[in-house]
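# What the coordinates show
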Amino acid sequence: MQKIIKYTWCAALIATLGLQSCKDDYLDKLSDNPNQVPVPTLNALLATSTYKIGNNNFLIGSIVAPYVQYTASPSANAAGDTYQAIDFSTTWDALYFAMADANEMKKLAVTQGSSEYKGVADVIIAYNLTLVNDLWGDAPFSQAFDINNLKPKYDKQQEVYNQAIVLLDEAIAELAKTNATVKLAPTSDLIYGKTPATERANWLKMAYALKARLLNKISKTSSYSPTAVLAALSNSFTANADDAGMATFKERNPWANVALSNSQQSLGGWLSEQLIDALKGTTFTGVVDPRLEKITDKTVNNAYIGTVNGAGNRLPGANTTKDECYISSNSPWTSNTSPILIVTYAELKFIEAEAYFDTDKTKAYAAYLAGISANMDKLTVSTTARDAYLANPVVSVGAAALTKDLIFKEKYIATYLNPEAWNDARRYDYKYKDFTLPVNAVLTDFIRRLDYPQGERSKNGSNVPADVERTTKLWWDQ
């Protein structure tokens, strides 16, 4: 790891959001290092940190999208599609810079007695730490923010997970307080700042949402507690309006940038055959999912066609003819102004369905249907189309016939492009119907983890664990 850089509103957000509001007299106070400010403000750190939580969601989402076969490359044998070793040094640094900023906000919040800023900082650190943990397992944390230690030790992956839970519990305790000496600044909060009357309460709900997600992720372990999951859910989101998303961009949502680049013949954002077939009635005979037209556009041949992971475009050399489906800037999920969604009410309903599954099928079934309905509403599916889908016998199976396969199938659609989808795929052992290894895969089984980045190896030397096979399961995935 490299030395932590403390970002300010000017240093970080001009680069990322294109903001031009910094005053010359403020800039004059910068130290000799133009990237470092001796005393960043809470507002500056809040803006930077809430921007980065959204941007890192996109960065990780784009890494795992081919692993869960949301996206596929038009080129055969593409590295992401076929599980090849890829150096994600830039992503690793982005995650640690985000945690460093939030850690500075946390320290400053303690100094100024602001339970609200401290609670938000804990949520943001926990989220970014979880992303690191989910991709690589063991990771620096306990020594990560000591600027005098440029080679922090690696904590064991289960310890990192436990620390994320501790951070969320701390956040819950802080955000439950109503007497903060310094309140959150709505203009600097890029997640919940547009609802200042409920800003603190929404962050509290988000902390519980992320805790429920973490508690559910260990469903394959002996530590899994459906009761604890449901307790967290009971304090979390109650409607789509509570969803945590970041929608402040320099120009547009980065997924919309992918769509724009594609339209300009810079290839990217092709959708996998697995996703398209699951939606258009091929994988699940007898039901066409109305969310398909809200996710992508038809091809030049007026059809929905996906790309086979690892095989590339069906017509080699004709990658600009739009004969297969792509991420769409017309979608409520990936338009220019769409928020990058971090955690949603729909996802939580599927977590609830899973938690109730073994003890109360009636409640599990109700949560399953509510998750579908919430996701369709979020994607602006018409009421008529939504209700017709919910009434289809392939979907509307009744409480007694509900299966975990159905819950995971629907959650797979609801978490489209979200990093959490890879955690679900691994927990589910990639058992989605008709889900197969990519063509030309370099591994003999589905990918389970990433190699440590070369940048981290060059900076942290022998502290970095030896790489294991990318098919090796993380501790919660055994």
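Before any of the text, the structure's been laid out above.
What comes next is a walk through the structure. (Residues numbered from 1 in each chain as written. Predicted model: local features only at pLDDT ≥ 70, side-chain atom pairs only at ≥ 80, totals over all residues. Heavy atoms only, no water.)

## Focus: the side chain of Asp243
With respect to the helices and strands, the residue Asp243 is situated in the loop between helix 8 (226-233) and strand 1 (244-246). Asp243 gets classed as buried once you look at its relative accessible area, which sits at 9%. Looking at Asp243, its side chain comes within polar contact range of the side chain of Lys378, at 2.9 Å. In this structure Asp243 touches Tyr192, Phe237, Leu341, Val343, Thr344, Tyr345 and Lys378, once residues within four positions along its chain are discounted. (Helix = DSSP H or I, 4+ residues; strand = E, 2+ residues; numbered from the N terminus. Buried < 20%, exposed > 50% of the residue type's maximum accessible area, 1.4 Å probe, protein only. Polar contact = N/O pair within 3.5 Å; in protein donor to acceptor, adjacent residues only side chain to side chain. Contact = heavy atoms within 4.5 Å.)

## With respect to the nonpolar core
Counting 142 residues, the largest nonpolar core has Trp203, Met206, Tyr368 and Trp422 as its most contacted members. The element that contributes the greatest number of residues to this core is helix 5 (residues 115-136), accounting for 13 residues. Setting aside chain neighbours within four positions, we find Tyr368 in contact with Phe350, Ala353, Val395, Leu402, Leu406, Ile407 and Glu410. (Core = buried A, V, L, I, M, F, W, Y, C linked by side-chain atoms within 4.5 Å.)

## Overview of the packing of aromatic side chains
Throughout the structure, instances matching the rule amount to 22 aromatic pairs. On the numbers, 5.6 Å between centres and 85° between planes, the contact of Tyr154 with Tyr452 is edge-to-face. One end of the pair, Tyr154, is in the loop between helix 5 and helix 6 (157-175); the other, Tyr452, is in the loop between helix 16 (420-427) and helix 17 (454-460), and 298 residues separate them in sequence. The burial state of Tyr154 is the same as that of Tyr452; both residues are buried. One aromatic cluster in this structure is built from Tyr70, Phe408, Tyr412, Tyr416, Tyr428, Tyr430, Tyr432, Phe435 and Phe446. Geometry around Phe357 places Lys361 over its ring, the cationic atom sitting 4.5 Å from the centre. It is Lys409 that lies over the ring of Phe284; its NZ or CZ is 4.5 Å from the centre. (Phe/Tyr/Trp six-rings, centres within 6.5 Å; stacked < 30°, edge-to-face > 60°. Lys NZ or Arg CZ within 6 Å of the ring centre and 35° of its normal.)

## Details of the pattern of salt bridges
Side-chain pairs of opposite charge can arise where the charged atoms are in close proximity. As enumerated under the stated definition, the model contains 32 salt bridges in all. As a salt-bridge pair, Arg213 and Glu347 come within 2.7 Å of each other at their nearest N and O atoms. Of this pair, Arg213 sits in helix 7 (residues 199-217) while Glu347 is found in helix 12 (residues 345-356), placing the two residues 134 residues apart along the sequence. Of the two residues, Arg213 and Glu347, neither departs from the other in class, the shared state being buried. (Salt bridge = Lys/Arg side-chain N within 4 Å of Asp/Glu carboxyl O.)

## Considering the side chain of Thr82
Along the polypeptide, Thr82 turns up in the loop between helix 3 (42-64) and helix 4 (89-112). Given a relative accessible area of 1%, Thr82 falls into the buried group. The contact partners of Thr82, leaving out residues within four places of it in the chain, are Asn77, Gly310, Val439, Asn440, Ala441, Val442 and Leu443.

## Points about the environment of Gly312
Along the chain, Gly312 falls in the loop between helix 11 (292-295) and strand 2 (340-343). Taking relative accessible area as the criterion, Gly312 reaches 5% and is therefore assigned buried. Spatially, the C-alpha atoms of Gly312 and Asp358 are 41 Å apart, while their sequence positions differ by 46 residues. Non-local contacts of Gly312, meaning those with residues more than four positions away in its chain, are made with Ser73, Pro74, Ser75, Ala76 and Thr307.

## Topic: unusual backbone geometry
Positive phi, close to 65°, is recorded for Asn77, a residue that is not glycine. Positive phi values are uncommon outside glycine, yet Asp429 reaches one of about 55°. Along the polypeptide, Asp429 turns up in the loop between helix 16 and helix 17.

## Observations concerning the packing of helix 6 against helix 7
Between helix 6 and helix 7, whose axes approach to 9 Å, the crossing angle comes to 155°. The pairing of helix 6 with helix 7 is recorded here as roughly antiparallel in orientation. In this structure, helix 6 meets helix 7 at a crossing whose hand is left-handed. Residues Tyr161, Ala164, Ile165, Leu168, Asp169, Ala171, Ile172 and Leu175 of helix 6 pack against Arg200, Trp203, Leu204, Ala207, Tyr208, Leu210, Lys211, Leu214, Leu215 and Lys217 of helix 7. For the contact of helix 6 with helix 7, the class distribution of residues is 14 nonpolar, no polar and four charged. (Axes fitted to C-alpha atoms, helices over the stretch in contact; angles between N-to-C directions. Parallel < 35°, antiparallel > 145°, perpendicular 65-115°, else oblique. Left-handed = near helix turned anticlockwise from the far one by under 90°. Nonpolar A, V, L, I, M, F, W, Y, C, P; charged D, E, K, R; others polar.)

## A look at the packing of helix 3 against helix 5
Between helix 3 and helix 5, the least distance of the axes is 11 Å, while the angle of their chain directions is 20°. Accordingly, the angle class assigned to the pair helix 3 and helix 5 is roughly parallel. For the element pair helix 3 and helix 5, the recorded crossing hand is left-handed. Along its contact with helix 3, which presents Leu42, Asn43, Leu46, Ser49, Thr50, Ile53, Asn56, Asn57, Ile60 and Val64, the element helix 5 presents Tyr117, Val120, Ile124, Tyr127, Asn128, Leu131 and Leu135.

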